[in-house]
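Notes for the structure review
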Amino acid sequence: MTASFGERTRAALAARGPLCVGIDPHATLLSAWGVGDTAAGTREFGLRTVDAAAERVGVVKPQVSFFERFGSAGFAALEDVLQAARDAGLLVIADAKRGDIGSTMDAYAAAWLTPGSPLEADAVTVNPYLGIGALESTFVLAEEHGKGAFVLAATSNPDAGTVQRARSESENTISAAVVAEVSARNAETTAEGEWASLGFVIGATVDWAHAGLSPFTPPAPILAPGFGAQGAGPDDLVARFGTSAPLVVASESRSILQAGPAGIAAAIDARVDEYRRRVDA
């Protein structure tokens, strides 16, 4: 029987530490790497990043938009990168931020979470702002196949406050309400002592108190963008996340990718060591 995504993430973090390498083929990075700002360039960039990440970290996160901008050829490149990463034993989070209702959301879920799909990943990021209930079939599909979903809860972009820090009918922030509703569902479907497979996106630069957040149960993975180029570093892992720090998948992209094809492996090794020192302190 396939282990749940939550437990697979727990094992990956225990074995390799919290660092997640983002695969973000920005046009400037493609140029710096000398591979060309084309679909073929994104494929080469992605495959080289996978090669460097394998056996060094447990998780990678391709940013779908940078492949999507090349249309069908970009999606073909993404398919190859996703497959290579999963073949290398990496957990793959497709950063697609999908969110819709009814059969439309079902189709998104099928694309990213169905075994054997060309775009198969281990988890996908999803947008809850059409209502958590709109994601129910996605959650069911994920759990049926040992997959996961990361629900946007508290992002670190400056514009997030207008919606995410607003107060719900219960007087919680919207961010807190999202975490509470998904956590309640996790409690119904997660075995005692295990990590849930429906996690949260909480930015590494988010002030938990200002966002109305507090530690949640059952434990679930936290995908935390904002490390690296956006300003947060390994020192912020415990300082920002406190007792929830062991749940964090610390995503870094440009801070590592800018090392180039010749330096990316060493950059990953150095960053893994930095996180481990903080975690073990």
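Above this text you will find the structure in question.
Heads up: these notes are all about the structure in this document.

Once that is clear, we can look at the pairing of strand β1 (residues 19–23). Burial analysis of β1 places five of its five residues in the buried class, the great majority of the element. A two-sided burial pattern is seen for β1, the buried positions comprising L19, V21 and I23 on one face and C20 and G22 on the other. As paired elements, β1 and strand β8 (residues 248–252) share three bridges and run parallel to each other. Residue L19 lies in a different strand from β8, and its bridge partner there is A250.

On to the sheet that holds strand β5 (residues 148–154). Judged by pairing direction, the barrel is parallel, and its eight strands sit side by side in the order β1-β2-β3-β4-β5-β6-β7-β8 before closing back on the first. Across this sheet, the average inter-strand angle for adjacent strands is 30 degrees, counted without regard to direction. Bridging between β1 and strand β2 (residues 59–62) involves four bridges; their strand directions are parallel. Of the residues in β2, the one forming a bridge with V21 is V60. Relative to the sheet, helix α6 (residues 102–113) contacts β3 (91–98), β4 (123–126) and β5, its axis offset from that of β3 by approximately 160 degrees.

On to the pattern of salt bridges, then. Following the criterion strictly, the structure yields 17 salt bridges and no others. For D122, the salt bridge identified is with R8, shortest N-O distance 3.0 Å. On the criterion of sequence distance, the pair formed by D122 in the loop between α6 and β4 and R8 in helix α1 (residues 5–16) is long-range, its members being 114 residues apart. Of the residues examined, D122 reaches a relative accessible area of 3% and is grouped as buried. When its relative accessible area of 23% is taken as the criterion, R8 is described as partly exposed. With a closest N to O distance of 2.8 Å, D95 and K61 form a salt bridge. Within this pair, whereas D95 is found in strand β3, its partner K61 is found in strand β2, the two being separated by 34 residues in sequence. Relative accessible area serves as the criterion here: at 7%, D95 is assigned to the buried category. Since its relative accessible area comes to 5%, K61 is described here as buried.

Quick look at unusual backbone geometry now. For the bond running from T217 to P218, omega is -10 degrees, close enough to zero to count as cis. Among the structural elements, P218 can be located in the loop between α10 (208–211) and β7 (222–224). With phi around 70 degrees, E55 is a residue other than glycine that occupies positive phi space. Relative to the elements of secondary structure, E55 occurs in the loop between α3 (39–53) and β2. In this structure, K97 takes a positive phi of about 50 degrees despite not being glycine. Inspection of the secondary structure puts K97 in strand β3.

To continue, consider the environment of V50. Relative to the elements of secondary structure, V50 occurs in helix α3. The exposure class of V50 is buried, given its relative accessible area of 2%. If we ignore the near neighbours within four places in the chain, the residues touching V50 are I23, V81, A84, A85, A88 and L90.

This brings us to α1. In this model α1 runs 16 Å from its N-terminal to its C-terminal C-alpha over 12 residues, within 8% of the 16 Å that 1.5 Å per residue would give. Regarding α1, the residues found buried are F5, G6, T9, A12 and L13. Down the axis, α1 shows its buried residues gathered within 125 degrees of arc, on one side only. Relative to its buried face, α1 has exposed residues pointing more than 90 degrees away, namely A14 and A15. Structurally, α1 contributes buried residues whose contacts are with β3, β4, β5 and β8.

Before going further, it helps to examine the packing of aromatic side chains. Per the counting criterion, the structure on display carries six aromatic pairs. Taken together, a centroid distance of 4.3 Å and an interplanar angle of 45 degrees make the contact between W33 and F45 tilted. On the criterion of sequence distance, the pair formed by W33 in helix α2 (residues 27–33) and F45 in helix α3 is long-range, its members being 12 residues apart. A relative accessible area of 6% places W33 in the buried class. On the basis of relative accessibility, which here comes to 0%, the residue F45 falls in the buried class.

By size, the foremost hydrophobic cluster in this structure holds 86 residues, and its most contacted members are W112, F200, I202, F227, F241 and I268. Examining the composition of this core, we find that six residues originate from one element, β5, more than from any other. For F227, the contacting residues outside a window of four places in its chain are A204, A232, G233, L237, F241, V248, A250, S251, E252 and Y275.

Criteria and cut-off values
Residues numbered from 1 in each chain as written. Predicted model: local features only at pLDDT ≥ 70, side-chain atom pairs only at ≥ 80, totals over all residues. Heavy atoms only, no water. Buried < 20%, exposed > 50% of the residue type's maximum accessible area, 1.4 Å probe, protein only. Helix = DSSP H or I, 4+ residues; strand = E, 2+ residues; numbered from the N terminus. Pairing = 2+ DSSP bridges. Axes fitted to C-alpha atoms, helices over the stretch in contact; angles between N-to-C directions. Contact = heavy atoms within 4.5 Å. Salt bridge = Lys/Arg side-chain N within 4 Å of Asp/Glu carboxyl O. Expected span 1.5 Å × (residues − 1). Arc of directions from axis to C-beta. Phe/Tyr/Trp six-rings, centres within 6.5 Å; stacked < 30°, edge-to-face > 60°. Core = buried A, V, L, I, M, F, W, Y, C linked by side-chain atoms within 4.5 Å.

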